[in-house]
Amino acid sequence: MARRRVMFTFPPELITEPVIFNLGKQFKVVTNIRRADVTEDRGWVVLEMEGRDEDIERGITWVITKGVRVDPIGKDIVEG
Amino acid sequence: MSFTTGLRCRECGRAYPIEPIYVCEVCFGSLEVVYDYVAIKRHISREKIAAGPNSMWRYKELLPVGGDVVDINAGFTPLVKAENLGRALGLKQLYLKNDCVNPSYSFKDRVVAVAATKAREFKFEAIACASTGNLACSVAAHAARAGMKSYVFIPSDLEQGKILGAAIYGPTLIAVEGNYDQVNRLCSELAEKYPWAFVNINIRPFYAEGSKTLAYEVAEQLGWRAPDNAVVPVASGSLFNKIWKGLNEFHDLGLIGPVKTRMFVTQATGCSPVATAYESGSNIIRPVKPQTIAKSLAIGNPADGYYALKTIRESGGGAAMSTDPEIVDGMKLLAETEGIFAETAGGVVIAGLKRLVTSGAIKEDELTVAYITGNGLKTLEAIQNSVVKPILIKPDINSFEAALGFKIAATVERNKSQVE
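Residues numbered from 1 in each chain as written. Chains lettered and ligands numbered in written order. Predicted model: local features only at pLDDT ≥ 70, side-chain atom pairs only at ≥ 80, totals over all residues.

**Here's the deal with the overall build of chain B**
Check the secondary structure of chain B and you find 15 helices and 13 strands. Here chain B has a C-alpha radius of gyration of 23 Å; the compact-globule value for 420 residues is 22 Å, and the two agree. With respect to the three principal axes, the spread of C-alpha positions in chain B is 80 × 50 × 45 Å. Taken over 420 residues, chain B has a buried fraction of 52%. Contacts in chain B between residues at least 24 apart in sequence constitute 68% of all its contacts with a sequence separation of at least 6. (Helix = DSSP H or I, 4+ residues; strand = E, 2+ residues; numbered from the N terminus. Rg over C-alpha atoms; globule rule 2.2 N^0.38 Å. Buried ≥ 20, exposed ≤ 12 C-beta atoms within 10 Å, placed from the backbone. Contact = placed C-beta atoms within 7 Å.)

The structure is reproduced here in structure tokens:
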């Protein structure tokens, strides 16, 4: 089983959608939220995903197509 | 001798030993180095520092390193009193911290020097980074000096000049096809998988500390005092926060008086997540897709953005953003008034400073330090259409005078009248 630590940043239109629940259900990925800050118009969540590597990849691709920004927990590390 | 006692989570405070780790296992918050300041205070003094090497290593007690360091002579760069630029902007006490003149031509040498030293202490065989410019050059240069392997990941569409600047030091250069986010994700995953010291990932807590030397040097060069204002270019936000931390450490150790420095963020309008959050009164950094010529500051989701916001507010500072044309004007103004050719990040600082003076955020009598962090030869493409073109003449005096005759005649007339 693989593990991936990521940060999701949600646009306002997705705040009310159960994106993380659907991610776990559709892609057989166990999600474990460690820190989060969500209000009515925006939000971010830092979480760990556990599952088969290909399921995690498919899950991340699906989340991105939904409009969620997905970053490594170190955020942007490609520096000038 | 090292005065570091461990690492600590910046979010939940959990303690960790000194290891190549960067996030808290519980909350995934970032880790920071913890020092034994009581012991440091017994060892450090103005006199000891002043007698140290003319490099950033004169402040070694305040850096997270122990024995021999990887030294390419980074730091202790000039602090220039900028009379001409000050006059142009309406400032009576303007100083420029000129970090263009570091060995690989940017301030990154300060952070990479610490990271490379730490990588060797941790017995890594290779150091690595993902970069679009300055960081790549510095990592490759320090690896060469340390006799270590280096792996430098760059976007495949990076300009040739920037590739050469790193390639000369002999790293393994890997050009990744894909957009910024894809390169970013790949390198984050590689850092988990390969036993390399990724300077700004698994070595980040140590790496970031090198930026504090930009605060120490300024305080020492000003005659052991903190400036009234510090104007800093912001990408990840780490440099900004570490300058604030460094000034406060100097005060806590009794090396300078109270720190009343106001910290000012400068960013390009095309990539201004921190300045935008500050101006909108928000604590949330909204990630952006960078669109600016200031490539060295093009970090859309800054790791330390939230802490930079805290530093602005804690210090009573502010923020300014500048458009690309204003950035070019800033670069030109700096070069034409002070003879310093800075990269685009320098243009961001000067353009931002101009805005801060115009808005009244920075007053004319205040002692202001502007940080110039990289050399202009790194971003020639940004100004190639904005500087004076050569006047083409034939190889004879007539051609020269035909081109410049009016100016020559005017000069002669003026000299003549002065004699009379």
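Anyway, onward from the coordinates.
**A word on the overall build of chain A**
Scanning chain A from terminus to terminus reveals 2 helices and 4 strands. Ordered by position from the N terminus, the helices and strands of chain A form the series β-α-β-β-α-β. Relative to the compact-globule value of 12 Å for 80 residues, chain A shows a C-alpha radius of gyration of 12 Å, a close match. Along the three orthogonal principal directions, the C-alpha set of chain A runs to about 35 × 35 × 25 Å. A total of 80 residues make up chain A; the buried ones form 34% of that total. Counting only contacts in chain A whose residues sit at least 6 apart along the sequence, the fraction spanning at least 24 positions is 65%.

**Observations regarding unusual backbone geometry**
Of note in this structure, Lys28(A) is not a glycine but carries a positive phi near 55 degrees. Counting through the fold element by element, Lys28(A) comes out in the loop between helix 1 (19–27) and strand 2 (30–38). Lys28(A) gets classed as partly exposed once you count the C-beta atoms within 10 Å, which come to 13. Located in the positive-phi region is Phe76(B), a residue other than glycine, with phi close to 50 degrees. Tracing the backbone through its elements, the reader meets Phe76(B) in the loop between helix 2 (46–50) and strand 4 (79–81). Judged by the 20 C-beta atoms lying within 10 Å of it, Phe76(B) falls in the buried class.

**Some thoughts on the nonpolar core**
Ala115(B), Ile127(B), Val232(B) and Val265(B) are the most contacted members of the largest nonpolar core, which totals 141 residues. Sequence-distant contacts of Val265(B), defined by excluding residues within four places in its chain, comprise Val232(B), Val234(B), Phe240(B), Val274(B), Ala275(B), Tyr278(B), Ala308(B), Ile312(B) and Ala319(B). (Core = buried A, V, L, I, M, F, W, Y, C linked by C-beta atoms within 7 Å.)

**Comments concerning the pairing of strand 12 (residues 318–322) of chain B**
Residues and elements named next belong to chain B. Among the 5 residues of strand 12, 5 are classified as buried, and the element is accordingly described as predominantly covered. Judged by which residues are buried, strand 12 turns out to be covered on both faces: Gly 318, Ala 320 and Ser 322 on one side and Ala 319 and Met 321 on the other are all buried. Sheet topology places strand 11 (residues 262–268) next to strand 12; 5 bridges connect them, and they run parallel. Of the residues in strand 12, the one forming a bridge with Val 265 is Ala 319. (Pairing = 2+ DSSP bridges.)

**Examining helix 4 (residues 108–121) of chain B**
Taking 1.5 Å per residue, 14 residues should reach 20 Å; helix 4 of chain B reaches 20 Å between its end C-alpha atoms and fits that length. Most of helix 4 of chain B is tucked away: 14 of the 14 residues are buried. (Expected span 1.5 Å × (residues − 1).)

**Examining the interface of chain B and chain A**
By a frequent convention, interface size equals the accessible area lost on bringing the separate parts together. At the interface, 33 residues of chain B touch 17 residues of chain A. Per element, the largest residue contribution to the side of chain B that touches chain A is 6 residues, and it comes from helix 7 (residues 180–193) of chain B. Across the side of chain B that touches chain A, the residue classes tally to 18 nonpolar, 12 polar and 3 charged. (Nonpolar A, V, L, I, M, F, W, Y, C, P; charged D, E, K, R; others polar.)

**Looking at the sheet that holds strand 2 of chain A**
All names here are of chain A. Reading across from one edge, 2-3-1-4 is the order of the 4 strands in this open sheet, with antiparallel pairing throughout. A strand with exactly one partner marks an edge of an open sheet, and here the two such strands are strand 2 and strand 4 (69–72). Strand after strand, the sheet turns through a mean of 25 degrees between neighbouring axes, direction not considered. The pairing of strand 1 (residues 2–10) with strand 4 spans 4 bridges and is antiparallel. (Axes fitted to C-alpha atoms, helices over the stretch in contact; angles between N-to-C directions.)

**Considering the domain arrangement of chain B**
Residues and elements named next belong to chain B. Looking at chain B, the domain boundaries give domain 1 (1–43), domain 2 (79–105 + 209–382) and domain 3 (123–202). On a C-alpha basis, the centroid separation for the pair domain 1 and domain 2 is 27 Å. In this complex, domain 1 contributes 5 residues to the contact, which on the side of domain 2 involves 5 residues. The element best represented in the side of domain 1 that touches domain 2 is helix 1 (residues 37–43), accounting for 3 residues. Tallied by class, residues from the side of domain 1 that touches domain 2 come to 3 nonpolar, 1 polar and 1 charged. (Domains from an automatic or database assignment.)

**A closer look at the sheet that holds strand 8 (residues 172–176) of chain B**
All names here are of chain B. Strands sit in the order 8-7-6-9 across an open sheet of 4 strands; the sheet is parallel. Two strands bound the open sheet, and with one partner strand each, they are strand 8 and strand 9 (197–198). As judged from the 5 bridges shared by strand 6 (residues 126–130) and strand 7 (residues 149–155), these two strands associate in the parallel manner. Residue Ala 126 lies in a different strand from strand 7, and its bridge partner there is Lys 149. Its contacts with the sheet place helix 7 against strand 6, strand 7, strand 8 and strand 9, and it is angled at close to 155 degrees to strand 7.

**Some remarks on the environment of Asn202(B)**
Residues and elements named next belong to chain B. Following the sequence through the fold, Asn 202 ends up in the loop between strand 9 and helix 8 (204–207). Put simply, Asn 202 and Tyr 35 are 167 residues apart on the chain and 19 Å apart in space, counted from C-alpha to C-alpha. Not counting residues within four places of it along the chain, the set of residues in contact with Asn 202 comprises Pro 20, Ile 21, Tyr 22, Ala 191 and Ala 197.

**Focus on helix 13 (residues 324–338) of chain B**
Residue and element names in this part refer to chain B. Between the first and last C-alpha of helix 13 there are 21 Å, a value that for 15 residues agrees with the 21 Å anticipated at 1.5 Å per step. For helix 13, every residue scored as buried is listed here: Ile 327, Val 328, Gly 330, Met 331, Leu 334 and Glu 338. Considered in projection along helix 13, the buried side chains sweep an arc of 155 degrees and stay on one side of the axis. Considering only its buried residues, helix 13 is in contact with strand 4, helix 3 (83–89), strand 5 (93–98), strand 11, strand 12 and helix 14 (344–358). (Arc of directions from axis to C-beta.)

**Some details on the environment of Glu336(B)**
Here Glu336(B) lies in helix 13. Put simply, Glu336(B) and Ala115(B) are 221 residues apart on the chain and 36 Å apart in space, counted from C-alpha to C-alpha.

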